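The lines below spell out each chain.
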Amino acid sequence: MIYENVVCPFCGCLCDDIIVTVENGQITNTKNACAISKSKFVNHHQNALNPSIGGQEVSLEKAIDKAADILRNSQAPLIYGLSSTECEAQRHAIHLAEILGATIDQTASVCHGPTILGLQDAGCVKCSLGEVKNRADLVVYWGCNPAEAHMRHFRRYSVFPEGMFRKSKKEREIAVVDVRKTTSARIANTFIKIEPGTDFEVISLMRAHLKGRDVPLREEYKTLLEKMKTCEFGIIFFGLGLTMSKGKHLNVNAALRLVRDLNEYTKFSITPMRGHYNVAGAGSTMAWVTGYPFAVNFSLGYPVHNPGEFSAVDVLARKECDAALIIASDPVSNFPSETWKHLADIPTIVMDPKVNLTSKIAHVCIPVATAGIEAEGTAYRMDGVPLRLKKVLDSPWLSDADVLSQLIEKVMA
Ligand code: SF4
């Protein structure tokens, strides 16, 4: 059986042209997928999680009952993850957090959370990836390395595709600004090596130079700025080089304001290179349900948003939760050790299709169908465009959305 136009459930490019071959209940091949995507599709059944309590395998029903017990008896639960599951599951997770009076956070808080804070302050001149493909003649990648993290970004949206007004790479200028000459820098017309931790200073000097001030800005940045002013349609794509380096949200804030200033001269946009395939959906779903995109607490009976207080890393570092539900994420592999260790000290529940480092320290493990392969749903691309994930295989397990809706019923019973 061949499935066409499948949406890839891996990175924020959310490529929707994947062709998947299914033979004897297994995915045996893919077309159009990058190496990461192919590995996810073809190997999705490896290291599968089984339902367990305290390391002992149990039935799925018992694992869900135990999870409901833990959450019902918790005074201050934390719900975290959500970026690698569908929006329908995210909506249930938020509902569960409201019922429990829990803190709920999604992976943006350790990724593009500073982007969200930056745009809450400065606003954002946005466009879709389709507009980039059709119109952009100047593409600046700042602090990101799509050749390794978003492998089809160049080909589908920004460098190589034939668009309505740009027929090939020859009609686009590509610039990369980064602390090292990455693989992405090899395809660029211009590479600028920036000193680590100086993004805020450099972007602020660029803004001042743009406004005619005499500031000590290096020639290469002046040249880039001239290209930005004189292009027909420019775009900055930025990544963790801005959000996770010194200055964090202030770096993003400065970049957003630079783009706003550039619109005095030409058409210019900016887009964050969102990581997980539905981290943008997690932000959108939380925002339209609670009013806030991440780091939300329901202990007062209504949503309160305060990153730094209600972000998962901070809640764990201060040991302010007494139970945790981790959905579609692996904080043990990417949180600072002094924070994730608290997860091992409290009853932690993991919902995931696969064994990961967090499931190894969890008290209750609940396997789920892999969203985008064994369960359908909605996901949001990095530019905010929603796409429908397809189901191409059956699973012995429930989807995240179905497990969460059972948890809601049992917690309320
Ligand atoms: S670039 Fe991202 S979304 Fe596209 S196929 Fe690769 S992993 Fe999937």
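Residues numbered from 1 in each chain as written. Predicted model: local features only at pLDDT ≥ 70, side-chain atom pairs only at ≥ 80, totals over all residues. Heavy atoms only, no water.

Student: Explain the domain arrangement of the protein here, please?
Tutor: Interfaces are often described in size by the accessible area the parts lose on coming together. Assigned domains within the protein: domain 1 (47–111 + 277–412) and domain 2 (113–272). Summarising the inter-unit geometry, the C-alpha centres of domain 1 and domain 2 are found 33 Å apart. If you look at the interface, domain 1 gives 12 residues, while domain 2 gives 18 residues. For the domain 1 and domain 2 pair, buried surface summed over both sides reaches about 1000 Å², with 65% attributable to carbon and sulfur atoms. Remark: the boundary between domain 1 and domain 2 carries zero salt bridges. Seen at the junction of domain 1 and domain 2, the total is three residue pairs in polar contact (both at pLDDT 80 or more). Across the side of domain 1 that touches domain 2, the residue classes break down as eight nonpolar, two polar and two charged. (Domains from an automatic or database assignment. Contact = heavy atoms within 4.5 Å. Buried area = accessible area lost by both parts, 1.4 Å probe. Salt bridge = Lys/Arg side-chain N within 4 Å of Asp/Glu carboxyl O. Polar contact = N/O pair within 3.5 Å; in protein donor to acceptor, adjacent residues only side chain to side chain. Nonpolar A, V, L, I, M, F, W, Y, C, P; charged D, E, K, R; others polar.)

Student: What is the right way to look at the environment of Ala 324 in this model?
Tutor: Topologically, Ala 324 is positioned in strand S15 (residues 323–327). Taking C-alpha positions, Ala 324 is 24 Å from Ala 375, a pair spaced 51 residues apart along the chain. (Helix = DSSP H or I, 4+ residues; strand = E, 2+ residues; numbered from the N terminus.)

Student: Can you walk me through the packing of helix H8 (residues 199–210) against helix H11 (residues 249–262) in this structure?
Tutor: Describing two packed helices takes the angle between their axes plus the distance from one axis to the other. With their axes 9 Å apart at the nearest point, H8 and H11 run at an angle of 20° to one another. By the angle class used here, H8 and H11 are roughly parallel. H8 and H11 meet at a crossing whose hand is left-handed. Contacts from Asp 199, Phe 200, Ile 203, Ser 204, Met 206, Arg 207 and Leu 210 in H8 reach Leu 250, Asn 251, Ala 254, Ala 255, Arg 257, Leu 258, Asp 261 and Leu 262 in H11. Of the residues in the contact of H8 with H11, the class split is nine nonpolar, two polar and four charged. (Axes fitted to C-alpha atoms, helices over the stretch in contact; angles between N-to-C directions. Parallel < 35°, antiparallel > 145°, perpendicular 65-115°, else oblique. Left-handed = near helix turned anticlockwise from the far one by under 90°.)

Student: Hey, could you run me through the nonpolar core in this one?
Tutor: For soluble globular proteins, the rule of thumb is that nonpolar side chains tend to be buried together. By size, the foremost hydrophobic cluster in this structure holds 36 residues, and its most contacted members are Ile 79, Leu 96, Ile 104, Leu 325, Ile 366 and Leu 407. For this core, the leading source of residues is helix H2 (residues 60–73), giving seven residues. Excluding its chain neighbours within four sequence positions, the residues that come into contact with Leu 325 are Leu 71, Leu 78, Ile 79, Tyr 80, Leu 96, Ile 349, Met 351, Leu 404 and Leu 407. Core analysis: the next-biggest nonpolar cluster, separate from the first, contains 33 residues, Trp 142, Ile 194, Ile 203 and Leu 224 among them. (Core = buried A, V, L, I, M, F, W, Y, C linked by side-chain atoms within 4.5 Å. Buried < 20%, exposed > 50% of the residue type's maximum accessible area, 1.4 Å probe, protein only.)

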